[in-house]
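# Working through the structure, step by step
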Amino acid sequence: MKVERKLAKMGIELPDFGRATYYGTTYGKMKPFHRTGKLVFLSGHIPERDGTSLHPGRLGQTVTVEQGYQAARLTGINCVAGLKQAVGNLDKIVAIVRTLNFVVCTPEFHDIHKVSSGLTDLLAEVFGPEKGIGGRATIGVMSLAGNSCFETWLTAEVR
């Protein structure tokens, strides 16, 4: 339970997707994760807590880079909760394999990588740089469900 002690020291409280349903199902039919062999694939995670989206809108228009970074960080917290739902004990996470990030932005906004760093930085803090930093791609998009400014898909290797 080293990872959970670290989260407590960081002041991070994970949502309990085991008790409360994974919020993604409010947007359509899906399961929260799929596990095959040593890989866990999380469904999309967004910066939502208790039914409220953090910093909804569009980067380069109504959302600042710092707000987008914070939204991506909250998404990372939700991903950690999703991993806990999938494997039970977060110490079973061997490594983050990759994230595919979506940032809602104007066509002129080119700092999407700075937004995704909110997610990457959080994962590195929680799991350490060796385990917490995987491959990453970030794509600027026109819209996401619920007016969310950020969404990610995450794949992790587990034991």
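Before any of the text, the structure's been laid out above.
Here's a quick rundown of the structure. Here the structure is a predicted model, which is why all the values come from computation and not from measurement. Once a new chain begins, its residue numbering starts again from 1 and follows that chain's sequence as written. Owing to the predicted nature of the model, reporting of local features is limited to residues with pLDDT of at least 70; listing and counting of side-chain atom pairs is limited to 80 or more, with chain, interface and lining totals taken over all residues. Water and hydrogen atoms play no part in the side-chain values, which are based on all heavy atoms of the structure.

## As for the overall build of the protein chain
Inclusion rule: Runs of E in the DSSP output that reach at least two residues are strands. Runs of H or I that reach at least four are helices, and both are numbered from the N terminus. When we talk radius of gyration, it's over C-alpha atoms, and the globule rule is simply 2.2 Å times the number of residues to the 0.38. Working definition: with a 1.4 Å probe on protein chains only, accessible area under 20% of the residue-type maximum means buried, over 50% means exposed, and in between means partly exposed. Residue contacts follow a heavy-atom distance rule, with two residues in contact if any of their heavy atoms lie within 4.5 Å. Under the counting rule used here, the positive set is Lys and Arg, the negative set is Asp and Glu, and His together with the chain ends is not counted. Charge coordinates come from a single atom per side chain, which is NZ of Lys, CZ of Arg, CG of Asp or CD of Glu.
Regarding its fold elements, the protein chain presents four helices and seven strands. Starting at the N terminus and ending at the C terminus, the protein chain contains elements arranged as α-β-β-β-β-α-β-α-α-β-β. Since a compact globule built from 159 residues should have a radius of gyration of about 15 Å, the 15 Å found for the protein chain is in line with a globular shape. Over its C-alpha atoms, taken along the principal directions, the protein chain stretches across nearly 40 × 30 × 30 Å. Sorting the 159 residues of the protein chain into buried and exposed places 48% on the buried side. Long-range contacts, defined as pairs at least 24 residues apart, comprise 80% of the intrachain contacts of the protein chain with a sequence gap of at least 6. When the 19 basic and 14 acidic side-chain charges of the protein chain are each reduced to a single mean position, those positions are 8 Å apart.

## Quick look at the nonpolar core
Applicable threshold: As used here, the term nonpolar core means buried Ala, Val, Leu, Ile, Met, Phe, Trp, Tyr and Cys residues forming a set that is joined through side-chain atoms within 4.5 Å.
If you look at the biggest cluster of nonpolar residues, it comprises 37 residues, and the most contacted ones within it are V80, L83 and F127. At ten residues, helix α2 (residues 65–87) tops the list of elements feeding residues into this core.

## Notes on the pattern of salt bridges
We apply this condition: One speaks of a salt bridge when a side-chain nitrogen belonging to Lys or Arg is within 4 Å of a carboxyl oxygen belonging to Asp or Glu.
For the coordinates displayed, the defined rule picks out three salt bridges. Between E4 and K84 there is a salt bridge, with the nearest N and O atoms lying 3.1 Å from each other. Of this pair, E4 sits in helix α1 (residues 2–9) while K84 is found in helix α2, placing the two residues 80 residues apart along the sequence. For E4, a relative accessible area of 22% translates into the label partly exposed. The exposure class of K84 is partly exposed, given its relative accessible area of 31%. As a salt-bridge pair, E125 and R73 come within 2.9 Å of each other at their nearest N and O atoms. Of the two residues, E125 sits in helix α3 (residues 112–127) while R73 sits in helix α2, which places them 52 residues apart along the sequence.

## Quick notes on the side chain of T155
By the secondary structure assignment, T155 is in strand β7 (residues 150–158). Owing to a relative accessible area of 3%, T155 belongs among the buried residues under this scheme. Excluding anything up to four places from it in sequence, T155 contacts L39, V40, F41, I96, V97 and R98.

## Quick word on the packing of α1 against α3
When two helices pack together, their arrangement is given by the angle between the helix axes and by the axis-to-axis distance. As a reminder of what qualifies: Comment: axis = line fitted to C-alpha atoms, over the contacting stretch for helices; angle = value between 0 and 180 degrees taken between N-to-C directions. Roughly parallel refers to an angle under 35 degrees, roughly antiparallel to one over 145, roughly perpendicular to one between 65 and 115, and oblique to any angle outside these ranges. Residue type decides the class: Asp, Glu, Lys and Arg count as charged, Ala, Val, Leu, Ile, Met, Phe, Trp, Tyr, Cys and Pro as nonpolar, and the leftover types, Gly among them, as polar.
Viewed as axis vectors pointing N to C, α1 and α3 meet at an angle of 120°, and their least axial separation amounts to 9 Å. If you check the angle between α1 and α3, you find them oblique. Where α1 approaches α3, its residues V3, K6 and L7 are matched on the opposing element by E125, V126 and F127. Classifying every residue of the contact of α1 with α3 gives four nonpolar, no polar and two charged.

## Points about the pairing of strand β1 (residues 33–36)
The condition that has to hold: Here, a strand pair is defined by DSSP locating no fewer than two bridges between the strands.
Pairing of β1 with strand β2 (residues 39–42) involves four bridges; the strand directions are antiparallel. The residue bridging R35 from the neighbouring strand is V40, located in β2.

## Quick word on unusual backbone geometry
The phi dihedral of D50 falls on the positive side, at around 55°, and the residue is not glycine. Inspection of the secondary structure assignment puts D50 in the loop between β3 (48–49) and β4 (52–53). Exposure remark for D50: the relative accessible area of 75% places this residue in the exposed category. The backbone of N147 shows a phi angle near 65°, a positive value even though the residue is not glycine.

## Quick notes on the sheet that holds strand β5 (residues 93–104)
Strand order across the open sheet formed by five strands is β1-β2-β7-β5-β6, with mixed pairing between neighbours. Of all strands in the sheet, those with a lone pairing partner are β1 and β6 (135–141), marking the two edges. Between one strand axis and the next, the sheet turns through 15° on average, direction left out of account. Of the strand pairs in this sheet, β5 and β6 are connected by seven bridges, and their pairing is parallel. Bridge pairing in β6 links R98 to G135. Seen against the sheet, α2 touches β1, β2, β5 and β7 and runs at an angle of roughly 40° to β7.

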